[in-house]
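Fold and geometry: a report
Below are the chains, spelled out letter by letter.
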Amino acid sequence: MGRLFGTDGVRGVANEGLTAELALGLSVSAAHVLAEVGSFEGHRPVAVVGRDPRASGEFLEAAVVAGLAGAGVDVLRVGVLPTPAVAYLTGSLGADLGVMLSASHNPMPDNGIKFFAQGGHKLADELEDRIEALYREHGTGQPWERPTGAAVGRVRDYDEGFDNYVAHLVGVLPNRLDGLKVVIDGANGAASRVSPEAFARAGAEVFTIGADPDGLNINDNCGSTHLDGLRTAVVEHGADLGVAHDGDADRCLAVDARGEVVDGDQILAVLALAMRDSGHLRKDTVVATVMSNLGFRLAMGREGIEVLQTAVGDRYVLEEMKRGGYALGGEQSGHVIALDHATTGDGTLTGLMLAARVAATGKSLSELANVMERLPQVLINVRDVDRSRVDTSAELAAAVTDAERELGGTGRVLLRSSGTEPLVRVMVEAADSEQAESVAGRLADVVKSSLG
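Because the structure is a prediction, the values reported are computed rather than measured.

So, the overall build of the protein
- For the protein, the count of helices and strands is 14 helices and 19 strands.
- The C-alpha atoms of the protein give a radius of gyration of 23 Å, which matches the 22 Å a tight globule of 452 residues would have.
- When its C-alpha atoms are laid out on the principal axes, the protein stretches across 70 × 55 × 40 Å.
- Across the 452 residues that make up the protein, the buried fraction comes to 56%.
- When contacts within the protein are restricted to residue pairs at least 6 apart in sequence, those whose partners lie at least 24 apart make up 71%.

If you want it as structure tokens, here you go:
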């Protein structure tokens, strides 16, 4: 049986792989494990529980709340709010843990469970492993220690969470957004109310699309994975920019006034310069992943900003940021972490900070994003190969060496084995798009022949 926890909590098709029984059991296990490691410090623990608008979130939320209360944890139910809102409220309310029900950018039938520790921080792998081990132990019939009487957890709705979170977002901005027109695509997800409200309170004139969730339409041809609607809306409204979130709003991509996409690397570059200029970019360093565009690293180098790279995944970016005391990090996909203001990627905060830079400089988003040139990036997934041999194949190593020699200093090669599927990802960047495609195609053929 595989590990339940992935890189971003437990996910699966709701009511199939991700059942109410699983949600309840994991919640009880989380309560017991966190009590064992001293997170509750002898007091009656409190949990913040939120979800995105998926229909399945309704019964999964009920299961999580039942599990926590049955384990003696008081529950503050905040309803439909973004993942970073649950993280923020867990910290600001002094709660002992947080739980978010969402499958992020995944389609509606999926859902997921993500736990936060005190302070709104993601759980360490070791704690996730202990929660999973305890869940499996009790799945074999080991009895739970169950509180009774006044010791059972109490449950109440915490409606103030929405206003508290929005006030936090607006309060950390360096300047207002008066005079800006902004289109927001809420992905019919968790930010459908939060993001428009925050931008409006900050002074922007707001237009919305993808902001009418019905439980079934989350990420459905909208949001950060489907940008055509936002591109059209920005041009039609004559807006200065548009921002798009995913289902749980921990990421943000943008569109400039011409309808051109501004990806996570470009957003990170704009914010890095803004924070450098204001003295808030600690150690003049930004953290990115190995998938960040070569153009991003070249642009930061020209500006005297160091780029540290991690494995793909916002959790690895966050770990490096905490280790080195850095203030800004993110991914090309739009996960941007401003650690002075958030403990995880926050799409609404990212969009607000980006708009604030536009307002403060008087420059268009297009002009700001031009600080970096996106080099052509070709990605080929080679399926049905033995990914375990990607680092040991002499034939593949020789092909990579030849490719790097051909590219010289104008590009790079990256091979990544999938963590879950029998495939290898071949990525090639080069100043010349035809050269990038040619080199990537040849490497993909070698991967297939040597690892197939």
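Details of unusual backbone geometry
- Positive phi values are uncommon outside glycine, yet Ala 187 reaches one of about 60°.
- For Ala 249, which is not a glycine, the phi torsion comes out positive at approximately 60°.
- Secondary-structure assignment places Ala 249 in the loop between strand 10 (241–245) and strand 11 (252–256).

Quick look at the environment of Ala 269
- Here Ala 269 lies in helix 8 (residues 264–278).
- Contacts of Ala 269, omitting those with residues within four sequence positions, involve Phe 296, Met 300, Val 371 and Met 372.

What about the sheet that holds strand 11?
- One open sheet accounts for five strands, arranged 9-8-10-11-12; its pairing is mixed. The strands lining the two open edges of the sheet, one partner per strand, are strand 9 (205–209) and strand 12 (261–262).
- Summarising the sheet, strand 10 and strand 11 pair through five bridges and their orientation is antiparallel. Residue pairing in the sheet places Ala 244 in a bridge with Leu 253 of strand 11.
- Lying over the sheet, helix 11 (residues 347–361) contacts strand 10 and strand 11, oriented at roughly 165° with respect to strand 10.

Regarding the packing of helix 6 (residues 194–201) against helix 11
- Packing of helix 6 against helix 11 brings their axes to within 10 Å, and their N-to-C directions diverge by 30°. Relative to helix 11, the element helix 6 is oriented roughly parallel. The element helix 6 and its partner helix 11 pack so that their crossing is right-handed. Contacts between helix 6 and helix 11 involve Val 194, Ser 195, Ala 198 and Phe 199 from the former and Thr 348, Gly 351, Leu 352 and Ala 355 from the latter.
- Its residues placed into classes, the contact of helix 6 with helix 11 shows five nonpolar, three polar and no charged.

Some details on the pattern of salt bridges
- In total, this model carries 31 salt bridges according to the counting rule given.
- Put simply, Arg 130 and Glu 36 hold a salt bridge, and the shortest N to O gap is 3.3 Å. With Arg 130 in helix 4 (residues 125–139) and Glu 36 in helix 1 (residues 20–36), the pair connects residues that are 94 residues apart, well separated along the chain.
- Of the charged contacts in the structure, one is a salt bridge between Arg 44 and Asp 74, with a shortest N-O distance of 2.9 Å. With Arg 44 in the loop between helix 1 and strand 2 (46–51) and Asp 74 in strand 3 (residues 74–80), this residue pair connects regions lying 30 residues apart in the sequence.
- Residue class for Asp 74 comes out buried when judged on its relative accessible area of 16%.
- Linked through salt bridges whose partners overlap, the residues forming this network are Arg 3, Asp 125, Glu 128, Asp 129 and Arg 315.

Side note on the sheet that holds strand 18 (residues 411–417)
- Judged by pairing direction, the sheet is antiparallel, and its three strands sit side by side in the order 17-19-18 without closing on themselves. For this open sheet the edge positions go to strand 17 (377–383) and strand 18, each flanked by a neighbour on one side alone. Along the sheet, successive strands turn relative to each other by an average axial angle of 15°, direction set aside.
- Pairing of strand 17 with strand 19 (residues 423–430) involves seven bridges; the strand directions are antiparallel. Its bridge partner being in strand 19, Val 378 is matched across the sheet by Val 428.

Conventions we followed
Residues numbered from 1 in each chain as written. Predicted model: local features only at pLDDT ≥ 70, side-chain atom pairs only at ≥ 80, totals over all residues. Heavy atoms only, no water. Helix = DSSP H or I, 4+ residues; strand = E, 2+ residues; numbered from the N terminus. Rg over C-alpha atoms; globule rule 2.2 N^0.38 Å. Buried < 20%, exposed > 50% of the residue type's maximum accessible area, 1.4 Å probe, protein only. Contact = heavy atoms within 4.5 Å. Pairing = 2+ DSSP bridges. Axes fitted to C-alpha atoms, helices over the stretch in contact; angles between N-to-C directions. Parallel < 35°, antiparallel > 145°, perpendicular 65-115°, else oblique. Left-handed = near helix turned anticlockwise from the far one by under 90°. Nonpolar A, V, L, I, M, F, W, Y, C, P; charged D, E, K, R; others polar. Salt bridge = Lys/Arg side-chain N within 4 Å of Asp/Glu carboxyl O.

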